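# A look at the structure
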Amino acid sequence: MDFTLLSSPLQGFTDFRFRNAQNKLFGGIDTYYSPYIRLNGKLEIKPSYERDLLPENNMGLEVIPQVITNDAEEFLFVAKYVQELGYKELNWNLGCPYPMVTKSGMGSGLISNPEKINHILERAHSESDIIVSMKMRLGYENSEEILDVLPILDKYPIKNIAIHARIGKQLYKGGVNLDAFQLCIDNTIHKLYYNGDITSVAKFHEMQQRFPSIDHWMIGRGLISDPFLPSMIRSNSFEYPENKMDLFREFHDTLYAIYSESLSGQTHILLKMYHLWEYFSATFLNPHKVLKQIKKAQSIRNYEAAVAAIFKNEK
Ligand SMILES: Cc1cc2nc3c(=O)[nH]c(=O)nc-3n(C[C@H](O)[C@H](O)[C@H](O)COP(=O)(O)O)c2cc1C
């Protein structure tokens with residue numbers, strides 16, 4: 001069956017710089033979701049969000065912006081803003097699990113409030129012509145919460161619902177709940193996208209077999225630790241290209257160069273690169289040792305030496 005691969009948004013990782021580099025060097029992703037826009041009490045878009053969405057920074061990429069909010073005015077404000085930039089769709093985040101977000105009734109903390117979801121969707125559909133899609137978890141406290149929300153969503157022409165098959169309380173621990181995802185398939189009229197733990201071609205096949213009706217698949221962390229993954233899924237190949245490490249090095253160097261230019265001060269640059277290496281290290285034979293080498297490098301000079309040694313070791 002034909003399928004679509006989507007890059008799941010990761011705040012702090014999948015910004016326009018990452019998206020462009022991944023697309024240029026590896027490809028395989030049909031659509032990228034940008035990390036969420038969150039307003040801080042004011043109807044004002046931060047420059048970093050703007051930069052991330054400007055069409056000139058996303059040339060040749062299919063991008064869908066995302067918002068996190070529990071307020072209809074904010075939703076409508078962001079919808080109008082992204083429409084002015086030329087986007088037709090706004091994705092609504094009901095998945096974020098972090099207490100700072102969920103305690104204020106946003107992200108997965110909003111799933112237990114179907115009335116509020118209904119109110120926001122009602123206003124979004126009557127006061128704007130933006131196409132609305134959703135990205136959510138199964139609930140915050142338990143995986144039944146979503147079952148009270150799906151009938152509400154049935155009332156609106158939602159484009160699709162991407163479901164990360166965990167509950168908020170889990171954060172990223174424990175496994176995905178595939179039986180609960182199946183229940184969602186059985187209880188909605190909407191098109192569902194599957195998200196959660198697609199980290200290899202084999203895992204993708206497993207999910208495809210388990211959910212034959214699903215043809216949209218979202219990859220989050222797997223794309224950062226293995227940027228080859230979508231093109232390998234596409235070509236149904238278990239073999240990495242022969243020049244795997246050269247390509248990976250180019251990917252690293254591209255990101256390092258742009259973050260060195262765009263971030264100020266070596267602390268910021270090193271921290272950014274360290275967070276990337278928390279995922280990159282999975283590509284190497286000894287991830288733990290690799291990450292330790294990166295962590296130990298407390299200056300740009302030491303960082304560059306550590307990276308050179310890591311790639312040399314892997315040859
Ligand atoms: C560091 C980090 C940042 C994330 N930021 C977002 C975000 O901005 N919007 C969103 O919908 N999901 C966000 N997520 C969730 C991922 O998009 C995805 O749903 C989750 O990681 C499960 O998919 P995976 O197992 O393929 O990674 C984030 C996850 C992580 C680990």
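Computed from a predicted structure; not experimentally measured. (Residues numbered from 1 in each chain as written. Predicted model: local features only at pLDDT ≥ 70, side-chain atom pairs only at ≥ 80, totals over all residues. Heavy atoms only, no water.)

## Focus: the overall build of the protein
Helix and strand counts for the protein come out as 14 helices and nine strands. Expected size for 315 residues packed as a compact globule is a radius of gyration near 20 Å; at 20 Å, the protein falls within 12% of this value. In terms of overall dimensions, the protein has C-alpha extents of about 55 × 45 × 35 Å along its principal axes. In the protein, which comprises 315 residues, the proportion classed as buried is 55%. (Helix = DSSP H or I, 4+ residues; strand = E, 2+ residues; numbered from the N terminus. Rg over C-alpha atoms; globule rule 2.2 N^0.38 Å. Buried < 20%, exposed > 50% of the residue type's maximum accessible area, 1.4 Å probe, protein only.)

## Things to note about the site of the ligand
In the vicinity of the ligand lie 19 residues, with Ser8, Pro9, Asn195, Asp197 and Arg221 positioned nearest. Here an oxygen atom of the ligand sits 2.6 Å away from a polar atom, N or O, in the main chain of Pro9. Gln66 is positioned with one of its side-chain polar atoms (N or O) 2.8 Å from a nitrogen atom of the ligand. Within the complex, 91% of the 620 Å² of free accessible area of the ligand lies under protein. Mapping the ligand onto the cavity grids shows that it belongs to the largest pocket. (Near = heavy atom within 4 Å. Polar contact = N/O pair within 3.5 Å; in protein donor to acceptor, adjacent residues only side chain to side chain. Areas by Shrake-Rupley, 256 points an atom, 1.4 Å probe, with all protein chains shown as cover. 1 Å grid on protein atoms, 1.4 Å probe; cavity = no way out; pocket = protein on both sides within 12 Å on 5 of 7 lines; lining within 4 Å. Sits in = over half its atoms within 2 Å of the grid points.)

## A short note on the pairing of strand 6 (residues 131-139)
In terms of residue burial, strand 6 counts as a mostly covered element, since eight of its nine residues are buried. In this sheet, strand 6 lies alongside strand 5 (residues 89-94) in parallel orientation, the contact comprising six bridges. Counterpart to Leu94 in the pairing with strand 6 is Met136. Handedness of the crossover is the feature at issue here: the chain leaves strand 6, passes through helix 6 (residues 145-153), returns alongside strand 7 (residues 161-167), and the resulting connection is right-handed. (Pairing = 2+ DSSP bridges. Right-handed = clockwise from strand over helix to strand, strands pointing away.)

## Description of the sheet that holds strand 1 (residues 4-7)
Here nine strands make up an open sheet; going across it, the order is 3-2-1-9-8-7-6-5-4 and the pairing parallel. Strands with a single pairing partner mark the edges of an open sheet, and in this sheet they are strand 3 (63-64) and strand 4 (66-67). Summarising the sheet, strand 7 and strand 8 (residues 192-195) pair through four bridges and their orientation is parallel. In the strand pairing of strand 8, Ala162 is matched with Tyr193.

## Comments concerning the packing of aromatic side chains
Taken as a whole and judged by the stated rule, the model has 22 aromatic pairs. With a centroid separation of 5.6 Å and an interplanar angle of 70°, the aromatic rings of Phe18 and Phe251 are classed as edge-to-face. Of this pair, Phe18 sits in helix 1 (residues 16-25) while Phe251 sits in helix 11 (residues 244-262), placing them 233 residues apart in sequence. Summarising the aromatic geometry, the rings of Phe248 and Phe311 are spaced 6.4 Å apart at their centres and angled 40° between planes, so their arrangement reads as tilted. With Phe248 in helix 11 and Phe311 in helix 14 (residues 300-314), this pair connects stretches of sequence that are 63 residues apart. (Phe/Tyr/Trp six-rings, centres within 6.5 Å; stacked < 30°, edge-to-face > 60°.)

## What about the nonpolar core?
If you look at the biggest cluster of nonpolar residues, it comprises 96 residues, and the most contacted ones within it are Phe75, Trp92, Met136, Leu153, Tyr194, Trp217 and Trp277. Each of domain 1 (4-234) and domain 2 (244-314) contributes no fewer than three residues to this core. Residue contacts for Met136: discarding those within four places in its chain leaves Leu94, Gly95, Ile111, Ile146, Val149, Leu153, Ile161, Ala162, Ile163 and His164. Ranked by size, the runner-up nonpolar core spans six residues in total, among them Leu6, Ile64, Ala162 and Met218. (Core = buried A, V, L, I, M, F, W, Y, C linked by side-chain atoms within 4.5 Å. Domains from an automatic or database assignment. Contact = heavy atoms within 4.5 Å.)

## Some points on the domain arrangement of the protein
Looking at the assigned domains, one finds that the protein contains domain 1 (4-234) and domain 2 (244-314). One C-alpha centre belongs to domain 1, the other to domain 2; they are set 28 Å apart. Facing the 15 residues of domain 1 at the interface are 17 residues of domain 2. When domain 1 packs against domain 2, close to 1,400 Å² is buried across both sides, 76% of that on carbon and sulfur atoms. The interface formed by domain 1 and domain 2 contains zero salt bridges. At the level of elements, helix 1 and helix 9 (221-225) are the ones that each hand at least two residues to the side of domain 1 that touches domain 2. (Buried area = accessible area lost by both parts, 1.4 Å probe. Salt bridge = Lys/Arg side-chain N within 4 Å of Asp/Glu carboxyl O.)

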